[in-house]
Amino acid sequence: MDDALGGEDLKQGVSDALDEAGETTGDAMDSAKSGLRSALDRAGDVLDDLRAHYDGSAVGSYLTGVLQKAVDAGQRLIDSGIKDSKVYKAAEVTINEAIDAVNTWIDTQAAKAD
């Protein structure tokens, strides 16, 4: 019985399980980073729109500054080497919420112009 519990098969099984867990964790982190990169790309497009159409307004300038800081922080996070996918997912959600807030403001401004 001790041979079965302490043998090479058990050690190999544990090693294989840890390798799979590491690959899964790495895959999750890569996926989360990819999601954050996509959110940062969308934020860049929104920033371009803000700068092109609303740079002269106080609120537009404020939103541009705030969104740019969020994009910069997201990029620093990607470059940081943090290994926890939850951090990248949380950052993606935060960037998406900022994008939604800015787009809502843009839509409101467009509606006022009509």
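Everything numeric in this text was worked out from a predicted model, so none of it was measured.

Peer 1: I'm lost on the overall build of the protein chain in this one. Help?
Peer 2: Of the regular secondary structure elements, the protein chain holds four helices and zero strands. Counted from the first residue to the last, the protein chain has its helices and strands arranged as α-α-α-α. Sorting the 114 residues of the protein chain into buried and exposed places 25% on the buried side. When contacts within the protein chain are restricted to residue pairs at least 6 apart in sequence, long-range pairs at least 24 apart make up 72% of them. When the accessible surface of the protein chain is totalled, it reaches about 7500 Å², and 54% of it is carbon and sulfur.

Peer 1: What exactly am I supposed to notice about the side chain of S85 here?
Peer 2: Looking at the secondary structure, you find S85 in helix α4 (residues 85-113). Setting aside chain neighbours within four positions, we find S85 in contact with A28, M29 and A32.

Peer 1: Even after reading the chapter, I still don't get the packing of aromatic side chains, so can you show me in this structure?
Peer 2: Centre-to-centre distance and the angle between the planes together describe a pair of aromatic rings. By the definition in use, this model includes one aromatic pair. Each ring, one from Y54 and one from W105, has its centre 5.0 Å from the other, and the planes form 70 degrees; the classification is edge-to-face. With Y54 in the loop between α2 (8-53) and α3 (58-80) and W105 in helix α4, this pair connects stretches of sequence that are 51 residues apart. Considered together, Y54 and W105 belong to a single accessibility category, that of buried residues.

Peer 1: Explain the nonpolar core to me, please; I cannot follow it from the model alone.
Peer 2: Counting 22 residues, the largest nonpolar core has L36, L50, L67, Y88, I95 and V102 as its most contacted members. Take this core: its biggest share by element is nine residues, from α2. Dropping the residues within four chain positions of it, L36 is found in contact with G74, L77, I78, Y88, A91, E92 and I95.

Peer 1: Teacher, can you tell me more about the environment of A32 here?
Peer 2: Relative to the helices and strands, A32 resides in helix α2. Sequence separation of A32 and Y88 is 56 residues, and the distance between their C-alpha atoms is 5.5 Å.

Peer 1: Any chance you could explain the side chain of K33 here in plain terms?
Peer 2: Here K33 lies in helix α2. At 5.8 Å, D30 is the nearest oppositely charged side chain to K33, a buried residue that forms no salt bridge. Look past the residues within four positions of K33 in its chain and what remains in contact with it is I78 and Y88.

What counts, and where the lines are drawn
- What you see as residue numbers is a count from 1 along each chain, following the sequence as written.
- Thresholds applied to this predicted model are a pLDDT of at least 70 for local features of residues and 80 or more for the giving and counting of side-chain atom pairs; totals over whole chains, interfaces and linings are not thresholded and use all residues.
- Water and hydrogen atoms play no part in the side-chain values, which are based on all heavy atoms of the structure.
- Every helix listed is a DSSP run of H or I at least four residues long, and every strand listed is a run of E at least two residues long, numbered separately from the N terminus.
- A 1.4 Å probe rolled over the protein chains alone gives each residue an accessible area, and that area as a share of the maximum for its type sets the label: buried under 20%, exposed over 50%, partly exposed in between.
- Contacts are assigned to residue pairs with any non-hydrogen atoms lying within 4.5 Å of each other.
- Working definition of accessibility: Shrake-Rupley area with a 1.4 Å probe, residue cover restricted to the visible protein chains.
- Centres within 6.5 Å are what make two rings of Phe, Tyr or Trp a pair, Trp counting through its six-membered ring; a difference in plane orientation under 30 degrees is then read as stacked, over 60 as edge-to-face, and the rest as tilted.
- By nonpolar core is meant a set of buried Ala, Val, Leu, Ile, Met, Phe, Trp, Tyr and Cys residues that side-chain atoms within 4.5 Å join together.
- Positive charges are assigned to Lys and Arg, negative charges to Asp and Glu, while His and the chain termini are left out of the count.
- Think of a salt bridge as a Lys or Arg side-chain nitrogen and an Asp or Glu carboxyl oxygen that are within 4 Å of each other.

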